[in-house]
Amino acid sequence: MKTPFQRFAGAFAATALLSATPVWAQTLNIGVIGELASFDTSQVSGGTWESDVLLDVFEGLVTQNPKGEAIPGVATDWDISDDGRTYTFHLRDDAKWSDGTPVTAGDFVFGWRHLLNPKNASKYAYNLYPIKNARAVNTGELPPDALGVVARENGKTLEVTLTEPTPYFIELLTHYTAMPLPRHTVEKYGRDWTDMDHIVTNGAFKPVEWVSQSRITAVKNPEYYDARDVALDKINYYSTEDRNAGISRFRAGELDVLREYPSSRYQWLKENLPEATHMSPMLGSYYYVFNQRQGEPTADPKVREALNLAIRHQVLAKQIMAGTFLPAYAFVPPGVHHYTHQELPFKGQSMDERMARASALMKEAGYGPDNPLDLTLRYNSSDEHKKIAIAVAAMWKPLGVRVHMQQAEATVHYQAIAQGDFDVARAGWVADYNDAENFLALLGTGAGNNYGAYSSQAFDQKMTKASTTLDADKREALLQDAERIAIDDNAAAPLLYYVTRNLVNPALTGWQDNPVDDHLSRWVSFTP
Amino acid sequence: MLSYTLKRLAFAVPTLLVVITISFFLMRAAPGGPFDGERQLPPEIEANLKAAYHLDEPLPMQYLRYMGNLAQGDFGPSFKYKDFSVTELIMQGFPVSLEIGGLAIGLALLIGLPLGVIAALKRNSTIDYLVMSLALGGIAVPNFVIAPIMALVFGVLLGWLPAGGWNGGALPNLVLPVIALSIQQIAYIARMMRASMIETMGSHFIRTARAKGLSEVQVVLRHALRPSLLPVVSYLGPAIAAIVTGSVVIEQIFGIPGIGRYFVQGALNRDYTLVMGTVVFYGALIVLMNLLVDLLYSALDPQIRYND
């Protein structure tokens with residue numbers, strides 16, 4: 001029988017022992033906005049919430065610094081041939097999988113072939129299409145070993161051959177589709193290599209637990225080459241679809257980071273949690289597509305110009321969206337690497353001037369108060385899109401435009417607009433890699449995401465030329481020319497630029513706002 | 001009774017077959033497919049995806065393939081959550097939904113039944129009005145309003161309970177979702193119990209019981225309670241099936257890994273296999289619960305006997 005004092009002393013000692021661990025252990029709790037599709041990077045569906053997890057547990061040849069810029073990862077450095085078509089990556093000696101097996105060039109070759117193997121039906125395989133024969137491998141015309149990647153020097157060097165010089169290739173390699181795959185475990189376990197009992201990763205963290213639809217837990221990977229400088233011991237990624245509930249959990253101290261808080265809460269958060277509320281420009285564009293297929297009213301450039309003239313971008317950004325978007329006057333958002341931002345020519349004009357010109361254009365196109373223009377405006381269901389659609393419809397009303405709104409859930413919306421069943425439609429694009437080409441390619445003739453079927457020979461020529469131009473300045477000039485052609489043609493209606501919205505515990509250091517909105521936990525720590 | 005049960009179970013098979021068939025073709029008839037999204041996929045990629053999921057085969061072929069796999073207990077892979085099969089998703093999520101839903105129903109019965117009885121016995125009194133107004137409030141206020149308020153008050157402002165998260169089903173994490181889920185059920189059960197109790201108390205056999213000189217407590221407990229439970233029991237069958245299969249609202253607000261969300265997400269993502277999996281599972285559960293209700297009926301009411 002213990003005396004009360006002994007019991008107390010025992011309990012005290014136990015508590016002291018238990019609390020000794022948390023003093024050193026740093027756990028980061030992140031509220032991500034969805035559920036990861038798979039740890040097999042070839043099977044991922046492309047959500048931002050998926051990069052949040054995958055970029056922490058895997059590392060490619062190139063990785064990102066806290067500013068979201070590409071820096072050497074598994075590769076220490078690389079040589080580019082004079083024709084820009086061959087990249088030779090030199091891999092670090094100390095890169096290891098979490099079971100201690102070295103990461104070799106062969107793991108990249110294996111991973112990229114896996115991604116492009118048509119049997120694996122990877123949605124994002126096209127990300128690696130710039131590599132020689134990648135498309136042919138992906139369609140099954142050529143076997144996977146025809147892919148233009150070769151491991152050399154005992155797996156310490158990776159030689160990549162591209163079809164065309166691709167100036168943004170290094171940026172592309174920061175994407176999770178370019179990660180290596182642990183050949184030794186994939187061959188041993190097959191599809192089950194992603195099971196928590198078998199999985200090995202080569203990033204700063206390794207996943208240890210996955211409760212579907214609830215949480216993924218990752219711990220520091222002691223085999224990571226830079227493990228000494230990784231402060232966090234553990235990360236919990238909580239699947240937080242209801243982002244208002246996420247705000248409650250953040251306020252209750254259950255989350256240290258909440259990704260993409262709802263824009264409708266911005267004003268409240270700014271007033272009540274000013275230190276935690278982050279917002280910064282992002283490489284994303286919110287725009288309206290004009291259907292330019294034959295017979296459509298918006299196939300007439302005069303109509304398109306008039307519609308663009310009548311849009312009040314400042315009102316949309318500041319009044320309608322309460323400052324949670326930035327007004328957009330071009331297709332390529334500001335902040336893109338090596339690119340001078342372009343603008344719609346009428347940006348500086350007064351609204352009166354613009355409306356006068358717009359009315360005149362509508363008249364020339366044969367529309368007016370007696371002959372109003374009926375337009376179907378399609379958007380995918382969401383309060384945000386609805387507010388913007390109503391505002392834009394009101395801005396077009398003085399031109400005698402009658403807008404008929406049609407909303408549908410996202411799958412139906414995109415299917416309908418891909419088939420051309422609309423006059424004006426909402427669309428958005430967030431950059432895959434930091435390059436102007438990624439936005440402008442949306443307007444190329446026959447491009448998959450060119451919903452409006454805009455087609456300009458002059459534009460296409462500039463784009464094709466830019467894609468093979470190695471000199472960065474010359475290439476920039478060509479891309480600028482292309483964007484100006486599209487702007488002059490009123491190829492679409494730029495409305496807003498996206499911003500990143502995050503709640504971040506002020507006690508965290510190393511977490512920086514950046515335009516690609518990737519935040520590798522490797523750089524993050526709690527201020528002691 | 002046994003052969004009645006077996007007969008009912010045998011009838012369930014064609015019922016489920018019809019449900020599965022209709023759902024299968026309705027799902028395919030819905031516009032948009034599992035690979036339509038903000039980003040248009042290059043045609044070669046789409047072709048690979050369709051081939052991998054056999055969506056390039058004619059619809060009747062796909063149907064036969066699905067039914068064949070189903071007969072072997074295979075719901076197929078999820079289109080969206082690639083590291084899990086549909087069976088794994090349901091088997092991982094169902095115990096969670098069952099726990100939350102079961103507790104909520106238990107709580108609802110524990111509170112709703114006595115409230116209904118008291119309201120009925122004290123008909124038109126202050127207590128009755130109070131209980132019934134509260135019940136009306138409970139029905140009228142949806143749980144997507146109650147749940148965030150509860151999370152805000154008890155999780156954020158008072159800090160007594162976690163504002164969300166599952167944490168392996170720890171008690172503090174259970175409290176708010178269970179209460180939020182049970183409020184509406186308490187209200188329904190109390191109102192139903194009151195109405196049926198009032199009806200029973202007016203019937204002849206109660207008058208006889210009173211005439212025999214039984215105390216009011218005995219009358220209520222021994223004679224009135226059992227028959228009054230019948231409407232509640234028939235309500236409970238489908239209600240339990242609905243509640244233990246999860247609530248998308250409660251699950252999303254409290255971040256609970258149940259299966260309720262799959263009904264909604266599966267449909268929105270056009271995750272064909274996941275939708276079919278949840279439909280089959282829910283359908284089977286409904287059939288089962290209705291059978292249980294009918295069996296319970298005969299236990300509660302001696303007039304109901306199932307002859308073979």
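Note that the structure is a prediction, hence the values are computed from the model and not measured.

1. Considerations on the overall build of chain B
- When its secondary structure is counted, chain B shows 12 helices and 0 strands.
- Counting from the amino terminus, chain B carries its helices and strands in the arrangement α-α-α-α-α-α-α-α-α-α-α-α.
- Its C-alpha atoms put chain B at 85 × 60 × 30 Å along the principal axes.
- The 308 residues of chain B split such that 46% are buried.
- When contacts within chain B are restricted to residue pairs at least 6 apart in sequence, long-range pairs at least 24 apart make up 73% of them.
- Accessible area of chain B: about 14500 Å², with a carbon and sulfur share of 69%.
- Distance between charge centres in chain B, computed from 20 positive and 18 negative side chains, equals 15 Å.

2. Re the pattern of salt bridges
All names here are of chain A.
- Counted according to the given criterion, the structure contains 27 salt bridges over all chains.
- Of the charged contacts, one joins Glu 187 and Arg 183 as a salt bridge, the two residues approaching to 3.0 Å between their closest N and O atoms. One end of the pair, Glu 187, and the other, Arg 183, are both in helix H6 (residues 183–189), 4 residues apart, so they sit about a helical turn from each other.
- Given a relative accessible area of 52%, Glu 187 falls into the exposed group.
- One salt bridge connects Arg 475 with Asp 435, and the closest N-O pair in it is separated by 2.9 Å. Of this pair, Arg 475 sits in helix H16 (residues 472–488) while Asp 435 sits in the loop between strand E16 (424–430) and helix H14 (436–440), and the two are 40 residues apart along the sequence. Neither residue differs from the other here; Arg 475 and Asp 435 are each classed as buried.

3. Here we look at the packing of helix H5 (residues 126–140) of chain B against helix H7 (residues 171–201) of chain B
All names here are of chain B.
- For the pair H5 and H7, the least separation of the axes is 8 Å and the interaxial angle reads 135°. One element, H5, and the other, H7, form an angle in the oblique class. Like other packed secondary-structure pairs, H5 and H7 cross with a definite hand, here left-handed. Two secondary-structure elements touch here, H5 through Asp 128, Met 132, Ala 135, Leu 136, Gly 138 and Ile 139 and H7 through Ile 183, Gln 184, Ala 187, Tyr 188, Ala 190, Arg 191 and Arg 194.
- A breakdown of the residues in the contact of H5 with H7 according to their chemical character gives 8 nonpolar, 2 polar and 3 charged.

4. Comments concerning the sheet that holds strand E6 (residues 149–152) of chain A
Residue and element names in this part refer to chain A.
- Strand order in the open sheet made by the 4 strands is E4-E5-E7-E6, with antiparallel pairing throughout. The strands lining the two open edges of the sheet, one partner per strand, are strand E4 (75–80) and E6. The average undirected angle you get between the axes of adjacent strands in this sheet is 20°.
- Contacts from helix H3 (residues 105–116) reach strand E5 (86–91), E6 and strand E7 (157–161), with the element oriented near 160° to E6.

5. So, the pairing of E6 of chain A
- The pairing of E6 of chain A with E7 of chain A spans 4 bridges and is antiparallel. Looking across to E7 of chain A, one finds that Arg 152 of chain A is bridged to Thr 157 of chain A.

6. Here's the deal with the nonpolar core
- Membership of the largest hydrophobic core comes to 110 residues, with the highest contact counts inside it found for Phe 39, Leu 61, Phe 89, Trp 112, Ile 131, Leu 158 and Val 160 of chain A.
- The element that contributes the greatest number of residues to this core is helix H12 (residues 272–300) of chain B, accounting for 8 residues.
- Once residues lying within four places of it in the same chain are set aside, the contact partners of Leu 61 of chain A are Pro 72, Gly 73, Val 74, Ala 75, Phe 89, Leu 91, Phe 108, Trp 112, Leu 158 and Leu 173 of chain A.
- Listed in part, the 76 residues of the second largest apolar core include Phe 290, Ala 358, Trp 396 and Phe 459 of chain A.

7. Quick notes on the interface of chain B and chain A
- Chain B puts 40 residues into the contact, and the matching count from chain A is 49 residues.
- Three residues stand out in chain B for area buried against chain A, namely Glu 38, Arg 39 and Gln 40 of chain B, and they jointly supply 18% of the buried area on that side.
- Counting every contact that joins chain B to chain A gives 3 salt bridges.
- In terms of residues, the side of chain B that touches chain A owes the most to one element, helix H2 (residues 43–52) of chain B, which gives 5 residues.

8. Remarks on a nonpolar patch on the surface
All names here are of chain B.
- Taken together, the side chains of Leu 2, Leu 6, Leu 9, Leu 288 and Leu 292 make up a nonpolar region of the molecular surface, amounting to roughly 480 Å² of accessible area.
- Broken down by secondary-structure element, the contributors of at least two residues to the nonpolar patch are helix H1 (2–29) and H12.
- The element that contributes the greatest number of residues to the nonpolar patch is H1, accounting for 3 residues.
- Note on placement: Leu 2 falls in helix H1.
- Given a relative accessible area of 64%, Leu 2 falls into the exposed group.

9. Section: the pairing of strand E1 (residues 27–32) of chain A
All names here are of chain A.
- The element E1 is largely enclosed, with a buried count of 5 among its 6 residues.
- Direction of pairing for E1 relative to strand E10 (residues 234–239): parallel, over a ladder of 6 bridges. Along E10, the bridge assignment pairs Asn 29 with Asn 236.
- Where E1 meets strand E11 (residues 257–259), 2 bridges bridge the pair, whose relative direction is parallel. Residue pairing for E11: Ile 30 is matched across the bridge by Val 257.

10. Some words on the confidence of the model for chain A
- With 95% of its residues at a pLDDT of 70 or more, chain A has an overall mean of 91.
- Confidence drops under pLDDT 50 across residues 1–23 of chain A; counting only partners more than four residues distant or on other chains, this segment forms 3 contacts.

11. Observations regarding the confidence of the model for chain B
- Mean pLDDT for chain B: 89, with 99% of residues reaching 70 or above.
- Under the prediction, the complex receives an ipTM of 0.84, its pTM being 0.87.

12. Thoughts on the packing of aromatic side chains
All names here are of chain A.
- Going through the model one piece at a time under the given rule, you end up with 27 aromatic pairs over all chains.
- Consider the rings of Phe 108 and Trp 112, whose centres lie 6.1 Å apart with planes at 80°: the pair is edge-to-face. With a gap of 4 residues between them, Phe 108 and Trp 112 both fall in helix H3, about one helical turn apart.
- You can call Phe 108 buried: its relative accessible area is 0%.
- With a relative accessible area of 0%, Trp 112 lands in the buried category.
- Their ring planes at 50° and their centres at 5.3 Å tell us that Phe 325 and Tyr 498 sit as a pair that is tilted. Here Phe 325 is found in the loop between helix H10 (313–320) and strand E13 (326–327), whereas its partner Tyr 498 is found in strand E17 (residues 492–504), with 173 residues between them in sequence. For the pair shown, Phe 325 and Tyr 498 are each scored as buried.
- Linked through ring pairs, Trp 78, Tyr 87, Phe 89 and Phe 169 together constitute an aromatic cluster.
- Between Lys 347 and the ring centre of Tyr 329, over which it is positioned, the NZ or CZ distance is 5.0 Å.
- In this structure, Arg 426 packs its charged tip against the face of Tyr 286, placed 4.8 Å from the ring centre.

Cut-off values and rules
- Residues numbered from 1 in each chain as written.
- Chains lettered and ligands numbered in written order.
- Predicted model: local features only at pLDDT ≥ 70, side-chain atom pairs only at ≥ 80, totals over all residues.
- Heavy atoms only, no water.
- Helix = DSSP H or I, 4+ residues; strand = E, 2+ residues; numbered from the N terminus.
- Buried < 20%, exposed > 50% of the residue type's maximum accessible area, 1.4 Å probe, protein only.
- Contact = heavy atoms within 4.5 Å.
- Areas by Shrake-Rupley, 256 points an atom, 1.4 Å probe, with all protein chains shown as cover.
- Lys, Arg positive; Asp, Glu negative; His and termini not counted.
- Charge placed at Lys NZ, Arg CZ, Asp CG, Glu CD.
- Salt bridge = Lys/Arg side-chain N within 4 Å of Asp/Glu carboxyl O.
- Axes fitted to C-alpha atoms, helices over the stretch in contact; angles between N-to-C directions.
- Parallel < 35°, antiparallel > 145°, perpendicular 65-115°, else oblique.
- Left-handed = near helix turned anticlockwise from the far one by under 90°.
- Nonpolar A, V, L, I, M, F, W, Y, C, P; charged D, E, K, R; others polar.
- Pairing = 2+ DSSP bridges.
- Core = buried A, V, L, I, M, F, W, Y, C linked by side-chain atoms within 4.5 Å.
- Buried area = accessible area lost by both parts, 1.4 Å probe.
- Patch = residues over 30% accessible without salt bridge, like charges linked within 9 Å, V, L, I, M, F, W, Y side chains within 5 Å.
- pLDDT = per-residue confidence, 0-100.
- Phe/Tyr/Trp six-rings, centres within 6.5 Å; stacked < 30°, edge-to-face > 60°.
- Lys NZ or Arg CZ within 6 Å of the ring centre and 35° of its normal.

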